[in-house]
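Listed below are the residues making up each chain.
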Amino acid sequence: MSPTIYTIILSSLATGTIITMTSHHWLMAWVGLEMNTLAIIPIISTMHHPRSTEAATKYFLTQAAASALILFSSMTNAWSSGSWDITQTLTSPSHILLTMALAMKLGLAPVHFWLPEVIQGSTMTTAFIITTWQKLAPMSLIFLTMNNLSTTIFLLMGLLSSLIGGWGGLNQTQTRKIMAYSSIAHLGWMATVSSIMTNILIMNLLIYLVMTTSVFFSLIISKSKTIQDTASTWTLSPTLTIIMMLSLLSLGGLPPLTGFVPKWLIMEELILQGFNFMTTMMALSSLLSLFFYLRLAYTTTLTLSPNTTQTKFKWRFYPNTSAVLLSMPATVSIFLLPLTPLIIL
């Protein structure tokens, strides 16, 4: 794809998200989501391969169905209440339709099946866009309509997503699929807190975006498509192995790192609200996720690739990919824990 066309498509992608985030009219929000979907289809299908075509088709069908549900729920709401305003109270059928549509847009369980398949069929850069930027528009709609959406449904969806995100990733060898299940698990944590405290939701989303960016750039620079590929990262850059390990552990939510902040605050908030059993289940589900993050961290830092050592001095060559974009997210995703009191205030 030529740089000009790629720039136009990326700007359309950004415009679609911004339209949705800034709109107060359901029709404009729907237009933004459609722009967003149509802009990313050519990005997914840039690889001329049956798998990328299949991924683009799956993505289009699920997102078009979710957009149609959003339009239908807003139309039924306008029919009964006479208002197209996003912040107005929704009628009962409308808010159930909207909850399912937004869950499908994000990839929350039980409508998460498209996400691992689409991410596996696209390039690492496209997978990065789908797991980060594409979450902003639906999340902004959840933030705007949270007062009207069902708390019970979101709590159940959140718990189910964190469990499925942990279980699904256990058996995977492809780094993109692991990141897809990681995304489902993190979205589960966000869904549980969305109906209780929206400022923790925003903080969790921002920290998730930074940590995922850090891990994805590490994988892109090291060209690691499978777990076995990560074992040869040390030949590229010893520093990268350390950054990648710390970013993965942060994504798992281990205490001295940034990733612990959202889990700590969400669990504290859930306990304050009296959801003790749910908090326990969420904590146990994060252990499942932690297993595959630890496995990736272990193969990256403590395992030597079973290949012959002809690539021993690969780090001496000048790298093709710029690591500038990795430096800032990696720093934030590792060292932000001491700033927690400032984040809370």
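Rules behind the numbers
- Residues numbered from 1 in each chain as written.
- Predicted model: local features only at pLDDT ≥ 70, side-chain atom pairs only at ≥ 80, totals over all residues.
- Heavy atoms only, no water.
- UniProt positions renumbered as here; feature names shortened; annotations may be inferred.
- 1 Å grid on protein atoms, 1.4 Å probe; cavity = no way out; pocket = protein on both sides within 12 Å on 5 of 7 lines; lining within 4 Å.
- Points joined across faces, edges and corners; volume = space filled by probe spheres on them.
- Nonpolar A, V, L, I, M, F, W, Y, C, P; charged D, E, K, R; others polar.
- Helix = DSSP H or I, 4+ residues; strand = E, 2+ residues; numbered from the N terminus.
- Expected span 1.5 Å × (residues − 1).
- Buried < 20%, exposed > 50% of the residue type's maximum accessible area, 1.4 Å probe, protein only.
- Axes fitted to C-alpha atoms, helices over the stretch in contact; angles between N-to-C directions.
- Left-handed = near helix turned anticlockwise from the far one by under 90°.
- Contact = heavy atoms within 4.5 Å.
- Phe/Tyr/Trp six-rings, centres within 6.5 Å; stacked < 30°, edge-to-face > 60°.
- Lys NZ or Arg CZ within 6 Å of the ring centre and 35° of its normal.
- Parallel < 35°, antiparallel > 145°, perpendicular 65-115°, else oblique.
- Polar contact = N/O pair within 3.5 Å; in protein donor to acceptor, adjacent residues only side chain to side chain.
- Core = buried A, V, L, I, M, F, W, Y, C linked by side-chain atoms within 4.5 Å.

The chain has the name NADH-ubiquinone oxidoreductase chain 2 in an unreviewed UniProt entry, where Anolis brunneus is given as its organism. The Sequence similarities (unreviewed entry) field of the UniProt record for the chain holds the comment "Belongs to the complex I subunit 2 family." The Function (unreviewed entry) field of the UniProt record for the chain holds the comment "Core subunit of the mitochondrial membrane respiratory chain NADH dehydrogenase (Complex I) which catalyzes electron transfer from NADH through the respiratory chain, using ubiquinone as an electron acceptor. Essential for the catalytic activity and assembly of complex I."

Caption draft 1: Expanded view of the layout of surface pockets. Taken as a whole, the largest pocket encloses approximately 280 Å³ of empty space. Residue classes in the lining of the largest pocket are distributed as 4 nonpolar, 8 polar and 4 charged.

Caption draft 2: Main features of helix 9 (residues 175–194). Relative to the 28 Å expected for 20 residues at 1.5 Å per residue, helix 9 spans 28 Å between its end C-alpha atoms, a close match to the ideal helical length. Helix 9 sits mainly inside the fold: 20 of its 20 residues count as buried.

Caption draft 3: Representation of the packing of helix 10 (residues 198–222) against helix 13 (residues 238–252) within the structure. The geometry of helix 10 relative to helix 13 is characterised by a closest axis approach of 9 Å and an angle of 145 degrees between their N-to-C directions. Helix 13 is crossed by helix 10, and the crossing has left-handed handedness. On the side of helix 10, the interface is formed by Met 211, Thr 212, Ser 214, Val 215, Ser 218, Leu 219, Ile 221 and Ser 222, while helix 13 contributes Leu 240, Ile 243, Met 244, Ser 247, Leu 248, Ser 250 and Leu 251. Its residues assigned to classes, the contact of helix 10 with helix 13 comprises 9 nonpolar, 6 polar and no charged.

Caption draft 4: Examining the packing of aromatic side chains more closely. Under the definition given, this model contains 5 aromatic pairs. Their ring planes at 55 degrees and their centres at 5.0 Å tell us that Phe 292 and Tyr 293 sit as a pair that is tilted. You'll find Phe 292 and Tyr 293 in the same group, each marked buried. Connected via pairs of aromatic rings, a cluster forms that spans Phe 128, Phe 216 and Phe 217. Seen from the ring of Trp 189, Lys 263 lies directly overhead, with NZ or CZ sitting 5.2 Å from the centre.

Caption draft 5: Up close: unusual backbone geometry. Of the consecutive residues Ala 109 and Pro 110, the connecting peptide bond is found in the cis state with omega at 5 degrees. In this structure, Pro 110 sits in the loop between helix 4 (92–106) and helix 5 (114–121). Its identity as a non-glycine residue notwithstanding, Lys 223 has a phi of 55 degrees, on the positive side. Structurally, Lys 223 is set in the loop between helix 10 and helix 11 (227–230).

Caption draft 6: Here's a closer look at the packing of helix 2 (residues 26–44) against helix 3 (residues 50–81). Across the interface, helix 2 lies against helix 3 with an axial gap of 10 Å and an inter-helix angle of 175 degrees. Accordingly, the angle class assigned to the pair helix 2 and helix 3 is roughly antiparallel. Residues Trp 26, Leu 27, Trp 30, Leu 33, Glu 34, Thr 37, Leu 38, Ile 40, Ile 41 and Ile 44 of helix 2 touch helix 3, and the partners they reach there are Ser 52, Ala 55, Ala 56, Tyr 59, Phe 60, Gln 63, Ser 67, Ile 70, Leu 71 and Ser 74. Per-class residue counts for the contact of helix 2 with helix 3 are 14 nonpolar, 5 polar and 1 charged.

Caption draft 7: Fine view of the side chain of Thr 300. Here Thr 300 is to be found in helix 15 (residues 276–301). Residue Thr 300 is classed as buried on the basis of its relative accessible area of 1%. Engagement of the side chain of Thr 300 in a polar contact is seen with the backbone oxygen of Leu 296, the distance being 2.6 Å. Non-local contacts of Thr 300, meaning those with residues more than four positions away in its chain, are made with Thr 230, Thr 233, Thr 241, Met 244 and Leu 248.

Caption draft 8: Geometry of the nonpolar core. Judged by nonpolar contacts, the single largest core of 92 residues is most densely connected at Ile 40, Ile 44, Tyr 59, Ile 70, Leu 108, Ile 130 and Leu 141. Counting residues per element, this core draws most heavily on helix 10, at 14 residues. In this structure, Ile 130 is in contact with Ile 40, Ile 44, Tyr 59, Leu 115, Val 118, Ile 119, Ser 122 and Lys 135, ignoring residues within four places of it in sequence.

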